[in-house]
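Coordinate inspection notes
Listed below are the residues making up each chain.
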There are 2 protein chains.
Amino acid sequence: MTRTLPDRVRTDQLIAFCTAALVEVGMEHGAAQAAVEVLVTTDQLGVFTHGVRNLRLYVRRLREGGLDASAAPRVVKEGPSWALVDGGSALAMLTGKLAMETAVEKAKKTGVAFVGARNSCHFGAAGVYALMAARRDAIGLSMSNDVPSMTAPGARSHILGTNPLAFAVPAGEEKPVLLDIAMSTVAGSKIYQAISQGKPIPNTWIVDGEGVPTTDGGVYPHAASLLPMAGHKGYGLALLIDILSALVTGAASRGEVVSWIFGDQTVPTGHGHAFISIDPGAIVPIEQFKQRMDAMIRDIRRQPKAKNSQRIFLPGEMEWEKFDEAQRLGIALPDDVAESLALLAKETGVVAEPYFGH
Amino acid sequence: MTRTLPDRVRTDQLIAFCTAALVEVGMEHGAAQAAVEVLVTTDQLGVFTHGVRNLRLYVRRLREGGLDASAAPRVVKEGPSWALVDGGSALAMLTGKLAMETAVEKAKKTGVAFVGARNSCHFGAAGVYALMAARRDAIGLSMSNDVPSMTAPGARSHILGTNPLAFAVPAGEEKPVLLDIAMSTVAGSKIYQAISQGKPIPNTWIVDGEGVPTTDGGVYPHAASLLPMAGHKGYGLALLIDILSALVTGAASRGEVVSWIFGDQTVPTGHGHAFISIDPGAIVPIEQFKQRMDAMIRDIRRQPKAKNSQRIFLPGEMEWEKFDEAQRLGIALPDDVAESLALLAKETGVVAEPYFGH
């Protein structure tokens, strides 16, 4: 497929095109743009697996009924420091954004807040929601459950999703610390990469069909399960994430969740999420907090390096460098993302080229 | 050293003896017993590295001034959903207990609460505090910072503590789910064990003096650092734990913390902790929550087992089995714990035998 998009695209261009595609399948312009902005921020941070690349798949669900283009997530129950958001099968970026923003609002009043979400779907990169808190001088934690694809110590097959967890903490002059991780040792994409290169994989990545760790990536995914990071530690944390995302919110849990990619496209997936925001400024003077964050970041950065290592990165530092570059020069969309957008254009009838002119 | 304690000791006997030892070094009886109960619960759960075995070391600090026998931790600042506890260099079990109980009280009113603690010390096992929440039908998270002993990707040496994190979630008929983990791949004790058995260690446990992963346990700890669990994931989470425990609370952070074992015994260690409690009953009916917890636990337990695996354990299930056995038959204190208690008796002049008669 010949690449029709330029090597780098401007953020506003990308947002405009993607928004038009969502409007084409029935979404209201403001909601469409809000959802797209979440995905484009993800791409700016270089997390292309979770950005606009997936828009095509969301559009498929919107068309087949598993997502509702006209739905708007709303707070259905709340207290001073908590809220429950019902996504109503809206695009999950809207649900996640409302939930995290509600958590920050409440944390600014009471010091801390928990907001759960149900009737949602795949919400993209957990880190983007955590970042919404950090941008408002609050600490943000963000998590979601997903379809089981990961085993547990002693188990043969799927027990829990890879259930992502992210946090972001604001600093002063330094960029927020930002971590966004799945509870599996690696993502499935790393295994496909090893297969395509004909390489064996470490025996900490997957188990085979008998639940035994293997170095043969070829059994994935049809006869394999991902291994949790750090064994029982990743298993336990993934369980907590499912509990907070689903059992505390009334969302689908574990096997009740429908796969957003491979599952029935006509029914809601039922994902749940959980968001926590803490306002450090309620507890210590915010300027003191930020100064200590800056000092910590700088002190870690200047610690002695390991042999053959040039740098110690803070969590999120690699992503911020990509973000800055994307803002300066435009986002360098990888070919697979460009291809997905070309298909999106074709499938929605929204011609891409006019959006990316100069 | 001949073992003077019986093979199994009753909980009330162990509490009475240890309380007497703390009273002997100047603590008020009620406070002494409250602190000891935290440690004995830890031993009941089988986590002997963090129970009464360490009492001798706490007594040393109490005598030399680094801990204050007459201090009482107190809430120095608070809002509806948060509080800041100043430990005042009291025994950290008291600080942790007050902080977690305050978090649960507040969560019961507002749905969620964050309580930070400063001017504390080594608080033992993080899981015991999380459990205090679960016993009151609330979710508990508990964490602490510590002296740096763990490296980070790209670094040569110590960047962060192994910073423990625990959570506990109440169920209905089933025992609470309970996870208590450090952010390093393994604890130092596992390395000593491998050395004593003359075995090489996996290259994911430590780095040598140049920051390079090694299978030679012999370089630990003088010329080595622990590796974070799951690489950048454990590093990032350990950083978050230090931020919540210290930067949000005003406690000592990273290298500012004094080693409670090897550091100056006459000065406070300055540890910080953080506790979060979430009341699921504020958000969904508590009976529904508990039923779903029970159903989840039972469903995981009956999933197909891996080859050569007999069981899938829920987080905390092994500990609960030890707990039940300890309640039924008494705690089977390992020799090193019995020896530590014998030394405690000798050093405080509190004769042990009368406490453990039948």
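Residues numbered from 1 in each chain as written. Chains lettered and ligands numbered in written order. Predicted model: local features only at pLDDT ≥ 70, side-chain atom pairs only at ≥ 80, totals over all residues.

Within chain A one finds ten helices and ten strands. Across its three principal axes, chain A shows a C-alpha extent of roughly 55 × 50 × 45 Å. Across the 358 residues that make up chain A, the buried fraction comes to 59%. A separation threshold of at least 6 residues defines the contact pool for chain A, and within that pool the share at least 24 residues apart is 63%. (Helix = DSSP H or I, 4+ residues; strand = E, 2+ residues; numbered from the N terminus. Buried ≥ 20, exposed ≤ 12 C-beta atoms within 10 Å, placed from the backbone. Contact = placed C-beta atoms within 7 Å.)

What follows deals with the nonpolar core. Nonpolar side chains tend toward joint burial in soluble globular proteins. C18, A35, A103, A130 and A168 of chain A together with A130 and A168 of chain B are the most contacted members of the largest nonpolar core, which totals 264 residues. Leaving out residues up to four positions away in the same chain, A130 of chain A has contacts with G140, L141, S142, A166, F167, A168 and L178 of chain A. (Core = buried A, V, L, I, M, F, W, Y, C linked by C-beta atoms within 7 Å.)

Let us look at the domain arrangement of chain A. What the domain assignment lists for chain A is domain 1 (11–67 + 321–356) and domain 2 (185–227). Each of domain 1 of chain A and domain 2 of chain A has a C-alpha centre, and these two points are 30 Å apart. (Domains from an automatic or database assignment.)

With that out of the way, let us pick up the sheet that holds strand β4 (residues 139–144) of chain B. Residues and elements named next belong to chain B. In space, the seven strands of this open sheet follow the order β1-β2-β3-β10-β4-β5-β6, with mixed pairing throughout. Among the strands making up the open sheet, the edge pair consists of β1 (74–79) and β6 (177–181). Direction aside, neighbouring strands of the sheet carry axes that sit 10° apart on average. Summarising the sheet, β1 and strand β2 (residues 82–86) pair through five bridges and their orientation is antiparallel. Across the sheet, K77 pairs through a bridge with L84, a residue of β2. (Pairing = 2+ DSSP bridges. Axes fitted to C-alpha atoms, helices over the stretch in contact; angles between N-to-C directions.)

Contacts between chain A and chain B engage 63 residues on the former and 63 residues on the latter. Within the residue set of the side of chain A that touches chain B, elements represented by two or more residues are β1 (74–79), β2 (82–86), β3 (112–120), β5 (165–169), β6 (177–181), α7 (232–247) and α8 (286–301) of chain A. Its residues assigned to classes, the side of chain A that touches chain B shows 37 nonpolar, 17 polar and nine charged. (Nonpolar A, V, L, I, M, F, W, Y, C, P; charged D, E, K, R; others polar.)

Residues and elements named next belong to chain B. Where helix α2 (residues 29–44) contacts helix α4 (residues 92–110), the two axes come as close as 8 Å, and the packing angle between them is 85°. Taken as axis vectors, α2 and α4 run roughly perpendicular relative to one another. Within the contact between the two elements, α2 uses A31, A34, A35, V38 and L39 and α4 uses M93, L94 and K97. (Parallel < 35°, antiparallel > 145°, perpendicular 65-115°, else oblique.)

Once that is clear, we can look at the relation of the copies chain A and chain B. Of the transformation superimposing chain A on chain B, the axial component is 0.0 Å and the angular component is 180°, with the fit at an RMSD of 0.0 Å. Read as a symmetry element, the transformation amounts to a two-fold axis. By C-alpha distance to the rotation axis, the residue of chain A lying nearest is A230 of chain A, at 2.8 Å. (Least-squares fit on C-alpha atoms with pLDDT ≥ 70 in both.)

All names here are of chain A. The buried fraction of strand β4 (residues 139–144) amounts to six of the six residues, a majority that puts the element mostly inside the structure. Of the two faces of β4, the one carrying I139, L141 and M143 and the one carrying G140, S142 and S144 are both buried. Two elements, β4 and strand β10 (residues 271–278), share six bridges in a ladder whose sense is antiparallel. The residue of β10 that forms the bridge with G140 is S277.

This paragraph deals with the pairing of β2 of chain B. Residues and elements named next belong to chain B. Counting buried positions along β2 yields five of five residues, so the element is predominantly enclosed. Hairpin connection between β1 and β2: a loop of two residues separates the two successive antiparallel strands. For β2 and strand β3 (residues 112–120), the ladder comprises five bridges, and the chain directions are parallel. Pairing of W82 across the sheet is with F114, part of β3. Note on the crossover from β2 through α4 to β3: the handedness is right-handed. (Right-handed = clockwise from strand over helix to strand, strands pointing away.)

Further remarks concern the sheet that holds β10 of chain A. Residues and elements named next belong to chain A. As summarised here, the arrangement of the seven strands in space is β1-β2-β3-β10-β4-β5-β6, forming an open sheet in which the pairing is mixed. Two strands bound the open sheet, and with one partner strand each, they are β1 and β6. Between one strand axis and the next, the sheet turns through 10° on average, direction left out of account. As paired elements, β3 and β10 share seven bridges and run antiparallel to each other. Each residue of the ladder has a partner; that of V112, found in β10, is I278. Packed on one face of the sheet, helix α5 (residues 126–134) meets β4, β5, β6 and β10 and runs near 160° to β4. Helix-sheet contacts for α7 involve β4, β5 and β10, and the interaxial angle to β10 is about 95°.

All names here are of chain B. In contact at an axis separation of 9 Å, helix α3 (residues 55–64) and helix α10 (residues 335–348) are set at 30° when each is read in the N-to-C sense. In this view, α3 runs roughly parallel relative to α10, as classed from their interaxial angle. Counting all contacts with α3, which are made through L55, R56 and V59, the residues of α10 involved are S340, L343, L344, E347 and T348. In the contact of α3 with α10, the residues fall into four nonpolar, two polar and two charged.

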